[in-house]
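# Examining the three-dimensional arrangement
In case you want the letters, here they are:
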Amino acid sequence: MLTRSCRLWAVLFMVGMLTLSVQPGVTAPEVDGFMPAWRVGDAWVVEARYRNLAMGEDAWLPPIRWRFHVRSAREVDGEPCFLLHVVPLGRPDLKVQAVLWLAQRDLRPVRVIDVFPLRGVATARRREFDPRRLTPLFPEGALIPYALPLFPFAEPSHTTGPTVVVGEKAVAVASTTFVDRVSQTWSPTPRGFVVELDDGQPGGGIRQEWWKGLPWAVSQSGRAMEVRLVEPAPGEERR
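Residues numbered from 1 in each chain as written. Predicted model: local features only at pLDDT ≥ 70, side-chain atom pairs only at ≥ 80, totals over all residues. Heavy atoms only, no water.

Our focus in this paragraph is the nonpolar core. Within the largest apolar cluster, 48 residues are counted, with the highest numbers of intra-cluster contacts made by Trp66, Leu84 and Trp216. Of all the elements in the fold, those that place two or more residues in this core are strand 1 (43-50), strand 2 (64-76), strand 3 (79-88), strand 4 (97-103), strand 8 (176-188), strand 9 (192-198), strand 10 (206-211) and strand 12 (225-231). No other element matches the five residues that strand 2 contributes to this core. Each residue touching Leu84, except ones within four places of it in the same chain, is listed here: Trp38, Trp44, Phe68, His69, Val70, Ala98, Val99, Leu100, Leu102 and Trp216. Core analysis: the next-biggest nonpolar cluster, separate from the first, contains nine residues, Leu83, Trp101, Ala103 and Val115 among them. (Core = buried A, V, L, I, M, F, W, Y, C linked by side-chain atoms within 4.5 Å. Buried < 20%, exposed > 50% of the residue type's maximum accessible area, 1.4 Å probe, protein only. Helix = DSSP H or I, 4+ residues; strand = E, 2+ residues; numbered from the N terminus. Contact = heavy atoms within 4.5 Å.)

So, about the environment of Ala48. Counting through the fold element by element, Ala48 comes out in strand 1. With a relative accessible area of 0%, Ala48 lands in the buried category. Along the sequence, Ala48 and Ile64 sit 16 residues apart, while their C-alpha atoms lie 5.4 Å from each other.

Bridging between strand 1 and strand 12 involves six bridges; their strand directions are antiparallel. Each bridged residue has a counterpart across the sheet, and for Tyr50 the counterpart in strand 12 is Met225. Note that strand 11 (residues 219-222) and strand 12 share four bridges and pair antiparallel. Bridging across to strand 12, Ser219 finds its partner in Arg228. What sits between strand 11 and strand 12 in their antiparallel hairpin is a turn of two residues, with Arg223 showing a positive phi close to 55°. (Pairing = 2+ DSSP bridges.)

Put into structure tokens, the structure is as follows:
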């Protein structure tokens, strides 16, 4: 019989095997509007700090750095996807990681697997996303800060103000489908866009700032965490 530790590492090993197939040179297709341009093999690091709610609004836990790696390109039900693997840097004790299948054409979520320990037992939560209902990606309580808006962003009209998208988030977990209303608002900045995401869950919405030429949001706030892109550093846009 496997011990709890063995079961945990068995799950982590299986998730790792999902990410081994690499197809160098695969890039996202051209789109109208703004979205980050990824290639297989791209990687970046973000630093997240989490509010220690037990100690008050101004108390923070030590930051955690997360490495995002575009490991491969695969099809999921006929949809070409990037496989994005996220792990903590220098914190194997967390035993947490995520594998995200994101559509190459607009980076919308197609499938997500979160791995985390639950009462000492390895747990893998798998979410499948309904392709008929476009939605931003929300971490849904996960420690990893992988919130991702819908792309591409188009320039808003000067007469109508910021662009607002309202939709439905339908996620299948096991045999149950959950549907929630979501909204996404974005406005241009001198270097990119600011986007606000909200699915009506406790903790409020999520605010991100995206810069052209960078693979991920340079900053994020909301839901008791603050996140910043540290590698590549802002100002080191990819040529």
